[in-house]
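# Structural features, examined
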Amino acid sequence: MYTTLLEVLKDAISHLMRANYNLSEEDPEAFRIEIPPERKFGHFSTNVAMVYAKVLKKAPRLIAQTLVGGLEALPYIASVSIEGAGFINFFLKPSYFQERTLKILQGEYASSLSLMPAESIQFEFVSANPTGPLTIGHGRQAVLGDILSSVFQKAGVAVTREYYFNDAGKQMKLLSRSLWVRYNRLCGSEYEIPEGGYHGEYLVDIAERFHNESGAVYKDQWDDSIEAIFMERAKNEIFQMIKGTLEAIQIHFDVYYTEASLFRDGIVEEVLEQLKGREALYEKDQALWFKTSDFEEDQDKVLIRSDGMATYFLTDIAYHYEKYRRGFSKVYDIWGADHHGHITRMNAAMKALGIPEGFFNVILHQMVSLRQNEEIVKMSKRAANFVTLDELVRNVGKDAVRYFFAMVDKDSQLEFNIDLALSRSMDNPVYYVQYALARIHSLFENARNKGFTYTENQNLDRLDSEDETFMIRDLLLFPEVIRDICTTQQIHRLTNYLYGLAYAFHNYYTGHVFVDPDRPELSNARLNLASAFRKTIEEGLKLLGVTAPERM
RNA sequence: GUGCCCGUAGCUCAAUUGGAUAGAGUAUUAGACUCCGGAUCUAAAGGUUGUGGGUUCAAAUCCCACCGGGCACGCCA
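Remember, it's a predicted structure, so these values are computed and weren't measured experimentally.

This part covers the sheet that holds strand β10 (residues 301-304). With antiparallel pairing, three strands are arranged side by side in an open sheet as β8-β9-β10. With one partner strand each, in any of the chains shown, β8 (281-284) and β10 form the two edges of the open sheet. Taken over all neighbouring pairs, the strand axes of this sheet differ in orientation by 45 degrees on average, direction set aside. Relative to strand β9 (residues 287-290), β8 is paired through four bridges, and the arrangement is antiparallel. Of the residues in β9, the one forming a bridge with Tyr282 is Trp289. Those strands touched by helix α11 (residues 312-325) are β9 and β10, and its axis lies near 75 degrees from that of β10.

Shown next as structure tokens:
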């Protein structure tokens, strides 16, 4: 396991506390190593004295006082002070930061960091049915799922990205009929798009192509086989559209899983058998019900409708049963907040099947709303008043789209200003971060032009000013951010972090000359610092799926 | 009515998940190297963190009650 800097510091302080006080194993170690709000407080601080004040029945500042000597004796500590209510603030020696910079330069962050157990985990996301183009709501989910997957991989987890879709079912029947209506209109026959059907323009396009190819042979004709033909046609064309959009935003799935295969492979049947064996089923009103209420605080749900068709709930249970059989130690489903009601009953089903707690996990994200002409527009695929993800990506580019979706906390609703997004190049800090890389690249170009020979890993001892040690401290937090995201699923921490690195760099850049031929050693040291920034920012952008450009 | 999420500067969002003077961008104003990319930097102004209680050394953060917004409560997915 990779040990982060904060863990090293925490262990050291924990050790000191045990040496100085008679602490039992049960004593909580809820104290933290923190990043102080201001430089004058040090590189790091800890609240350990305040946290233990109650247990030890001593004043925080007194406890802090007993730790100072031990801390100062640590080889990498430069100075220690006590401030405020009992904060212990400390500076690390420049030599320590220099050693760590060397590791970054040698590619420490480029490989897997082994921050989490090396399990096999699945992320399921997007999973939109092929009934229409992806919306910008799907965009948020796609970006969230893809970045989480990448971050977990970086942390040493074996990740499978999976897309599940429904290619049978009631909605597909409605889709088929909707296409058929559009097609008949081209043949000169008027029919109504069915209740709950699809009104989007994209079906008109598909109908046109189909009509051009096959003429009017299906005019006024409708039976099961024709329904299947139109369903297949709509599904295939729409799914190609969806895959094209995913490609444009650079999201690649390892597995596309279809609902139909759950029936074909007998998994639905097997699940029904199992549930029946556990007496979790009953019949009522010609339908088959699952006793949700036996397992969770929720109402019982229908698994097989009175018309004999399986509900989405049943196939979803079968699907997750199948995931379990595939041997993942854990799966994460990423759902929009509108699906949260589904969680409890799924948990109930997992219990009924004897699948261990903790296997099935849901990551919810809040909705995306659109603002256009000062108005909030509600999105609905069926009503066809949505802005497509494809449109957005074409207009502003995948980097801006990915960064923009990643930077907002998944638990916050996201208000999306269409006019702003589509007109200018969206007000997006991604350029700020990318610009730092472009600047670093041109620094090295400039050095070459001046005939300066850059030597990587040399002269790091010249990185000893306060500006530089604080910058390196920030670089050392990269693994911390990765792990935090694994535990909180808050990918916006990564954009915050990278923005902070870019800020630190831009700031330093303005106040310091990097390439000064009269001071070759100092220049070389600073170029090494720039290189360490580049490597760290590049790794971060890679996780975000955002381009790390040399020029802009 | 019940459950989940949210409410922070004019606007869009942060806040190291209980820490020190609540910060960025944007919009407004005033500035910056004859020099490595001005897509940058520095500063001013902008706040009773929806309201009222509570918990404690410490609350935007946790608890309770209200107010406001979103979502869900189907034999839809």
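For RNA strand B, the set of nearby residues contains 67 residues, the closest of which are Arg32, Tyr432, Gln490, Arg493 and His512. Near-protein atoms of RNA strand B (within 4 Å) split between backbone and bases, with sugar and phosphate holding 59%. Within the contact set of RNA strand B, a base oxygen lies 3.2 Å away from a side-chain nitrogen or oxygen of Lys40. The separation between a sugar or linking oxygen of RNA strand B and a polar main-chain atom of Asp338 is 3.4 Å. Elements represented by at least two residues in the surface near RNA strand B include exactly β4 (87-92), α6 (169-187), α12 (341-352), β15 (414-417), α16 (430-449) and α19 (492-511). For the surface near RNA strand B, the element with the highest residue contribution is α19, accounting for nine residues.

Relative to the helices and strands, Asn528 is located in helix α20 (residues 520-544). Judged by relative accessible area, which is 0%, Asn528 ranks as buried. At a separation of 3.2 Å, a polar atom in the side chain of Asn528 contacts the main-chain carbonyl oxygen of Thr455. Here Asn457 takes part through its backbone nitrogen, which lies 2.8 Å from a polar atom of the side chain of Asn528.

Our focus in this paragraph is the pattern of salt bridges. For the structure shown, the criterion picks out 32 salt bridges. The residue Arg402 makes a salt bridge to Asp146 at a minimum N-O spacing of 2.5 Å. Here the residue Arg402 occupies a position in helix α14 (residues 398-406), and Asp146 occupies one in helix α5 (residues 136-154), the gap between them amounting to 256 residues. The class of Asp146 is buried, set by a relative accessible area of 6%. Salt bridges sharing common partners tie together Arg209, Glu213, Arg233 and Glu237.

What follows is about the sheet that holds β4. Read from one edge to the other, the open sheet built from four strands follows the order β1-β2-β4-β3, with strand pairing classed as antiparallel. Because the sheet does not close on itself, it has two edges, and the strands there are β1 (33-34) and β3 (77-83). Where β3 and β4 come together, six bridges link them in antiparallel fashion. By the bridge assignment for β4, Glu83 is matched with Phe87.

What follows concerns the environment of Tyr431. By the element assignment, Tyr431 lies in helix α16. Assessed through its relative accessible area of 30%, Tyr431 is described here as partly exposed. Distance in space between the C-alpha atoms of Tyr431 and Ala400 is 8.1 Å, their sequence separation being 31 residues.

Cut-offs applied
- Residues numbered from 1 in each chain as written.
- Chains lettered and ligands numbered in written order.
- Predicted model: local features only at pLDDT ≥ 70, side-chain atom pairs only at ≥ 80, totals over all residues.
- Heavy atoms only, no water.
- Pairing = 2+ DSSP bridges.
- Helix = DSSP H or I, 4+ residues; strand = E, 2+ residues; numbered from the N terminus.
- Axes fitted to C-alpha atoms, helices over the stretch in contact; angles between N-to-C directions.
- Contact = heavy atoms within 4.5 Å.
- Near = heavy atom within 4 Å.
- Polar contact = N/O pair within 3.5 Å; in protein donor to acceptor, adjacent residues only side chain to side chain.
- Buried < 20%, exposed > 50% of the residue type's maximum accessible area, 1.4 Å probe, protein only.
- Salt bridge = Lys/Arg side-chain N within 4 Å of Asp/Glu carboxyl O.

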